[in-house]
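Okay, here's what each chain looks like letter by letter:
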Amino acid sequence: MKQEISLNLFTAALKELEAKEAKAVATINLYLNGAVGIADHSQVVDEIAKWSSIGAEALDSKKFLLSKFTTVKEDTSKESD
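Residues numbered from 1 in each chain as written. Predicted model: local features only at pLDDT ≥ 70, side-chain atom pairs only at ≥ 80, totals over all residues. Heavy atoms only, no water.

Q: What should I look at first to understand the overall build of the protein in this one?
A: Across its full length, the protein holds two helices and zero strands. When contacts within the protein are restricted to residue pairs at least 6 apart in sequence, long-range pairs at least 24 apart make up 71% of them. When the accessible surface of the protein is totalled, it reaches about 6800 Å², and 57% of it is carbon and sulfur. (Helix = DSSP H or I, 4+ residues; strand = E, 2+ residues; numbered from the N terminus. Contact = heavy atoms within 4.5 Å. Areas by Shrake-Rupley, 256 points an atom, 1.4 Å probe, with all protein chains shown as cover.)

In C-alpha coordinates:
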(Lines give C-alpha, C1' and ligand atoms only; values in the text may rest on other atoms or scores of the structure.)
Protein backbone atom coordinates (compact mmCIF):
# COMPACT_ATOMS: atom_id res chain seq x y z
CA MET A 1 0.00 0.00 0.00
CA LYS A 2 2.80 2.42 0.93
CA GLN A 3 4.64 1.68 -2.32
CA GLU A 4 1.44 2.25 -4.28
CA ILE A 5 0.96 5.67 -2.67
CA SER A 6 4.60 6.58 -3.35
CA LEU A 7 4.26 5.48 -6.97
CA ASN A 8 1.05 7.49 -7.34
CA LEU A 9 2.70 10.61 -5.93
CA PHE A 10 5.75 10.15 -8.16
CA THR A 11 3.54 9.66 -11.21
CA ALA A 12 1.46 12.71 -10.31
CA ALA A 13 4.59 14.83 -9.97
CA LEU A 14 5.87 13.68 -13.37
CA LYS A 15 2.53 14.38 -15.00
CA GLU A 16 2.40 17.86 -13.46
CA LEU A 17 5.87 18.61 -14.81
CA GLU A 18 4.93 17.21 -18.23
CA ALA A 19 1.85 19.46 -18.25
CA LYS A 20 3.95 22.53 -17.41
CA GLU A 21 6.38 21.61 -20.18
CA ALA A 22 3.54 21.11 -22.68
CA LYS A 23 1.93 24.42 -21.68
CA ALA A 24 5.24 26.20 -22.18
CA VAL A 25 5.70 24.67 -25.64
CA ALA A 26 2.12 25.48 -26.65
CA THR A 27 2.42 29.07 -25.43
CA ILE A 28 5.73 29.64 -27.22
CA ASN A 29 4.28 28.12 -30.40
CA LEU A 30 1.37 30.52 -30.14
CA TYR A 31 3.72 33.49 -29.83
CA LEU A 32 5.95 32.33 -32.67
CA ASN A 33 3.28 31.13 -35.09
CA GLY A 34 0.13 33.03 -34.18
CA ALA A 35 1.32 36.44 -33.04
CA VAL A 36 -1.38 38.10 -35.13
CA GLY A 37 -3.98 37.09 -32.55
CA ILE A 38 -2.00 38.50 -29.63
CA ALA A 39 -3.11 41.94 -28.50
CA ASP A 40 0.08 43.29 -26.90
CA HIS A 41 3.09 42.62 -29.13
CA SER A 42 5.43 44.72 -26.99
CA GLN A 43 5.86 41.94 -24.42
CA VAL A 44 6.22 38.97 -26.81
CA VAL A 45 9.98 38.55 -26.35
CA ASP A 46 9.63 38.73 -22.56
CA GLU A 47 6.81 36.18 -22.64
CA ILE A 48 8.81 33.79 -24.84
CA ALA A 49 11.75 34.07 -22.44
CA LYS A 50 9.45 33.54 -19.44
CA TRP A 51 7.82 30.43 -20.92
CA SER A 52 11.20 29.10 -22.03
CA SER A 53 12.33 29.24 -18.41
CA ILE A 54 9.16 27.54 -17.22
CA GLY A 55 9.55 24.77 -19.80
CA ALA A 56 13.25 24.30 -19.07
CA GLU A 57 12.65 24.15 -15.33
CA ALA A 58 9.91 21.54 -15.78
CA LEU A 59 12.13 19.48 -18.10
CA ASP A 60 15.09 19.69 -15.72
CA SER A 61 12.91 18.74 -12.76
CA LYS A 62 11.49 15.78 -14.63
CA LYS A 63 14.98 14.59 -15.62
CA PHE A 64 16.12 14.99 -12.01
CA LEU A 65 13.24 12.92 -10.62
CA LEU A 66 13.73 10.21 -13.20
CA SER A 67 17.48 10.02 -12.68
CA LYS A 68 17.34 9.99 -8.87
CA PHE A 69 14.22 7.96 -8.17
CA THR A 70 14.04 5.35 -10.91
CA THR A 71 16.38 2.55 -11.79
CA VAL A 72 17.12 1.19 -15.20
CA LYS A 73 17.18 -2.55 -15.09
CA GLU A 74 19.69 -4.01 -17.47
CA ASP A 75 18.68 -7.01 -19.49
CA THR A 76 20.93 -9.69 -18.04
CA SER A 77 19.53 -12.44 -20.23
CA LYS A 78 21.96 -13.08 -23.04
CA GLU A 79 20.90 -14.85 -26.18
CA SER A 80 22.72 -18.09 -26.69
CA ASP A 81 24.49 -18.61 -29.95
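Picking up where we left off.
Q: Please explain the packing of aromatic side chains as it appears in this structure.
A: The final tally for this structure, using the stated rule, is one aromatic pair. Note on Phe 64 and Phe 69: the rings are 6.4 Å apart at their centroids and 75° apart in plane angle, and the pair reads as edge-to-face. (Phe/Tyr/Trp six-rings, centres within 6.5 Å; stacked < 30°, edge-to-face > 60°.)

Q: When you look at the side chain of Thr 27 in this model, what are you seeing that I'm missing?
A: Residue placement: Thr 27 occurs in helix α1 (residues 2-33). A residue is classified by how much of its surface remains accessible, and Thr 27, at 16% relative accessible area, is buried. Within polar-contact distance, the side chain of Thr 27 engages the backbone oxygen of Lys 23 at 2.8 Å. (Buried < 20%, exposed > 50% of the residue type's maximum accessible area, 1.4 Å probe, protein only. Polar contact = N/O pair within 3.5 Å; in protein donor to acceptor, adjacent residues only side chain to side chain.)

Q: Any chance you could explain helix α2 (residues 44-69) here in plain terms?
A: Each full turn of the α-helix corresponds to 3.6 residues, which orients residues three or four apart in the same direction. Here α2 contains 26 residues, and its C-alpha end-to-end distance of 37 Å stays within 8% of the 38 Å for a straight helix at 1.5 Å per residue. Residues of α2 that are buried in the fold lie against α1. (Expected span 1.5 Å × (residues − 1).)

Q: Whenever I open this one, α1 confuses me. Can you help?
A: Its 32 residues give α1 an end-to-end C-alpha distance of 46 Å, which sits within 8% of 46 Å, the value for a rise of 1.5 Å per residue. Along α1, the positions that sit buried rather than exposed are Phe 10, Leu 14, Leu 17, Ala 24, Thr 27, Ile 28 and Tyr 31. Contacts from the buried residues of α1 go to α2.

Q: I would appreciate a short explanation of the environment of Lys 50 in the present structure.
A: Among the structural elements, Lys 50 can be located in helix α2. Taking the relative accessible area as the measure of exposure, Lys 50 reaches 40% and is therefore partly exposed. Along the primary structure Lys 50 and Ile 28 are separated by 22 residues, whereas in three dimensions their C-alpha atoms are 9.5 Å apart.

Q: How should I be thinking about the pattern of salt bridges in this particular structure?
A: It is possible for side chains bearing opposite charge to pair when their charged atoms get close. Evaluated as defined, the whole model comprises three salt bridges. Taking the shortest distance from any N to any O, the salt bridge between Glu 47 and Lys 50 comes out at 3.5 Å. Of this pair, Glu 47 and Lys 50 both sit in helix α2, three residues apart, which is roughly one turn of the helix. (Salt bridge = Lys/Arg side-chain N within 4 Å of Asp/Glu carboxyl O.)

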